[in-house]
Amino acid sequence: MDAQSCEVLVLGGGPGGYVAAIRAGQLGLNTILVEEAALGGTCLNVGCIPSKALIHVADTFEMAVKAAQGGLPGVSVKQPEVDWPGATAWKDGIVSRLTGGVASLLKKAGVKTLRGTGHMRDGKTCVVDMADGPVTVRARHVILAPGSEAVEIAALPFGGPIISSTEALALEELPKTLAVVGGGYIGLELGSAFAKLGVAVTVVEAMDRLLPHYDAELAAVVAKNLKRLGVDIHVKSRAEALDPEAGRLRIRNEDGEVVDLGADTVLVTVGRRPRLEGWGLSELGLVMNGGFLRIDAQCRTSMTDVFAVGDVTGEPMLAHRAMAQGVVAAETIAGKRRAFDPAAIPEVCFTDPELVSVGLAPEAARAAGHEVKIGKFPLAANGRAMTLGSDLGFVRVVARKDNDLVLGIQAVGRDVSEFASAFALALEMGARLDDIAATIHAHPTQGEGIQEAALMALGHGLHL
Ligand code: FAD
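Every chain's residues receive numbers from 1 upward, in the order its sequence appears when written. For a predicted model such as this one, the threshold for reporting local features is a pLDDT of at least 70, and the threshold for listing and counting side-chain atom pairs is 80 or more; totals across whole chains, interfaces and linings nevertheless cover every residue. Where side-chain values are given, they derive from all heavy atoms of the structure, hydrogens and water being excluded.

Asker: Could you clarify how one ought to interpret the domain arrangement of the protein in this entry?
Answerer: Those domain boundaries reflect an automatic or database domain assignment. What the domain assignment lists for the protein is domain 1 (2-48 + 88-149 + 273-333), domain 2 (162-270) and domain 3 (347-458). On a C-alpha basis, the centres of domain 1 and domain 3 stand 35 Å from each other.

Asker: Please clarify how the side chain of Ser51 should be interpreted in this entry.
Answerer: Working definition: helices are DSSP H or I runs of at least four residues, strands are E runs of at least two. Numbering for both runs from the N terminus. Residue position: Ser51 is located in helix 3 (residues 48-68). Two N or O atoms count as a polar contact when they lie within 3.5 Å, although within protein this holds only if one can serve as hydrogen donor and the other as acceptor, and sequence-adjacent residues are included solely when both atoms are side-chain atoms. Separated by 2.8 Å, the side chain of Ser51 and the backbone oxygen of Gly47 make a polar contact. A distance of 3.0 Å separates a polar atom in the side chain of Ser51 from a polar atom in the side chain of Lys52. Residue contacts are counted whenever heavy atoms from the two residues lie within 4.5 Å of one another. For Ser51, the residues in contact, after removing those within four places along its chain, are Leu169, Glu189 and Leu190.

Asker: I would appreciate a short explanation of the sheet that holds strand 20 (residues 354-359) in the present structure.
Answerer: Strands pair in a sheet through their backbones, by hydrogen bonds, and they do so in one of two ways: parallel or antiparallel. Here the rule is simple: two strands pair whenever DSSP picks up at least two bridges between them. In spatial order, the strands read 19-20-23-22-21; together these five strands make up an open sheet with antiparallel pairing. The sheet is open, and its two borders are formed by strand 19 (347-349) and strand 21 (372-378), each paired with just one other strand. Going from strand to strand, the sheet's axes swing by 10 degrees on average, the running direction of each strand aside. For every element, the axis is a line fit to its C-alpha atoms; helices are fit only across the contacting stretch, and the angle between N-to-C directions ranges from 0 to 180 degrees. Contacts from helix 14 (residues 448-458) reach strand 21 and strand 22 (394-400), with the element oriented near 140 degrees to strand 21.

Asker: Any chance you could explain helix 1 (residues 15-26) here in plain terms?
Answerer: An α-helical turn contains 3.6 residues, so a residue and the one three or four places further along point in the same direction. Expected helix span is taken as 1.5 Å per residue step, with the number of steps being one fewer than the number of residues. The end-to-end C-alpha separation of helix 1 is 16 Å, in line with the 16 Å expected for twelve residues at 1.5 Å each. The classification of residues rests on relative accessible area computed with a 1.4 Å probe and restricted to protein chains. Under 20% of the type maximum is buried, over 50% is exposed, and intermediate values are partly exposed. Helix 1 sits mainly inside the fold: ten of its twelve residues count as buried. Within the span of helix 1, buried status applies to Pro15, Gly16, Gly17, Tyr18, Val19, Ala20, Ala21, Ile22, Ala24 and Gly25.

Asker: Explain the sheet that holds strand 11 (residues 237-243) to me, please; I cannot follow it from the model alone.
Answerer: Spatial ordering of the open sheet is given by 11-12-13, a layout of three strands whose pairing is antiparallel. In this open sheet, the two edge strands, each paired with only one partner strand, are strand 11 and strand 13 (258-262). Averaged over all neighbouring strand pairs, the angle between strand axes comes to 30 degrees, with direction disregarded. Here strand 12 (residues 248-253) runs beside strand 13; their pairing, made up of five bridges, is antiparallel. Residue Arg250 lies in a different strand from strand 13, and its bridge partner there is Asp260.

Asker: I'm lost on the pattern of salt bridges in this one. Help?
Answerer: For side chains of opposite charge, pairing can occur when their charged atoms come near one another. Every case where a carboxyl oxygen of Asp or Glu lies within 4 Å of a side-chain nitrogen of Lys or Arg is listed as a salt bridge. On inspection of all chains with the given rule, the structure shows 24 salt bridges. The partner of Asp59 in a salt bridge is Lys196, and the shortest N-O contact between them spans 2.6 Å. Here Asp59 is found in helix 3, whereas its partner Lys196 is found in helix 6 (residues 185-196), with 137 residues between them in sequence. When salt bridges with common partners are traced through the structure, they connect Asp59, Glu62, Lys196, Arg228 and Asp352 into a single cluster.

Asker: How should the site of the ligand be read in this particular structure?
Answerer: Around the ligand, the surrounding shell holds 42 residues, and the nearest of these are Glu35, Thr42, Lys52, Asp311 and Ala319. A distance of 3.1 Å is found between a nitrogen atom of the ligand and a backbone nitrogen or oxygen belonging to Glu36. Contact between the ligand and Tyr185: a nitrogen atom at 3.1 Å from a side-chain N or O atom of the residue. For the ligand, whose unbound accessible area comes to 1,000 Å², protein coverage reaches 96%. For the shell around the ligand, the elements supplying multiple residues, two or more each, are helix 1, strand 2 (31-35), helix 2 (41-46), helix 3, strand 3 (112-122), helix 6 and helix 9 (319-333). Tallied by class, residues from the shell around the ligand come to 18 nonpolar, 18 polar and six charged. Two domains each put at least three residues into the shell around the ligand: domain 1 (2-48 + 88-149 + 273-333) and domain 2 (162-270). Here a residue is considered near a molecule or strand provided that any single heavy atom belonging to it is located within 4 Å of it. All accessible areas in this document rest on Shrake-Rupley with a 1.4 Å probe, and a residue is counted as covered only by the protein chains that are shown. Charged residues are taken to be Asp, Glu, Lys and Arg, nonpolar residues to be Ala, Val, Leu, Ile, Met, Phe, Trp, Tyr, Cys and Pro, and polar residues to be all remaining types, Gly included.

This is how it looks when you write it as structure tokens:
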């Protein structure tokens, strides 16, 4: 068996792993990255990127349909049609450009990539099953980044017409009727995209509302607009069984009533779980934190010189958290004093309208013992939102009542995902309401809504 050695072995080439490997390489550490599937992991191949490409196609098509119906001032279009093969080819092109880019970045940083499945034998040894035989890698430090996988439900095991987000992003043709089981962000992002592409979509959610992990006031705007899109929503309901012949999904609501929904395809998006099998967790015997690997602020696991980053280490399972942890782990190994201690991790739903939440929402701030001031500015009063033909949503700032320290900023509205960086920066910099209110925000932008929300929390909004 071939043997290799390195200072840093990274297991998994998703956002957590590839960023850790690039940073380790940049810092002059002899680094090997092991990836069994495609570089870029869930995010680039079957997650963040292809889903946003699909959403963009769906938004564009919806706009064209609106124009054809005479609903888009100044634009007239004849009957538009979905070119599904064209859409998927475009999406796949973006994915391959990005994954190719990751390969080049790793190379530029001097990282060696081994394509195969890695099995940790102990904290310093990994056997990689490559196409031409196994290779043993001995490493001084290990960074585990095996990511996560879709959760299956017993009543609807994956296979055939019952699909996860991965298959939903690779459908050869559009379904006629789609039931989305699980009304979290992944289900709603994909569900609304398919609805805009002409698929009859139903969403089934066990909790009493959609996006149950997000603030209710923000989620309500998304839910209302989903109904406008024609999405049929069933909350407090559980999917029980699919009759594939009849194309019917049986669901049961909290009163025990059974409803049969038309569904030739069922997309199950009830959550993701850390990938704990197939790479040697039992050989390492690492200490767990609930279902996740336990790590400290430097991303060290319970075993000396073994680090872990990304979805395998906890919520929120998001690419930017994984990447930030990857940097901390690599720099710690290189001897720098680093900690993963963000003031806030932005959370975005690329639904229609988009939703962004950074820091504490009002209820969470009160639950944490704060007396709060809240400023809320409706985007219907924002000039730029009007010129975009979109007046849905609002920007909301939550601050401490005693000293105006900003605790959280949220928004729901068209394209507000781009606010995430400004919101996160405000929280990282320890902004007070005055800092935001006194910052000159360019006109006309929807960002002026952030300034207005801060002004409103201070009691002197200008444009409302
Ligand atoms: P992953 O990206 O899962 O990468 C892990 C890698 O490890 C995989 O490539 C896997 O093949 C490899 N691997 C595992 N075991 C082994 C082994 N034994 N040997 C070799 N390789 C191995 N996040 C966002 O921030 N924004 C979004 O908009 C967003 N949208 C999403 C949409 C969808 C549909 C999905 C499913 C997820 C989305 N996410 C989003 C979540 C995001 O994709 C994950 O949080 C992110 O990919 C986690 O990165 P990671 O490095 O921890 O793991």
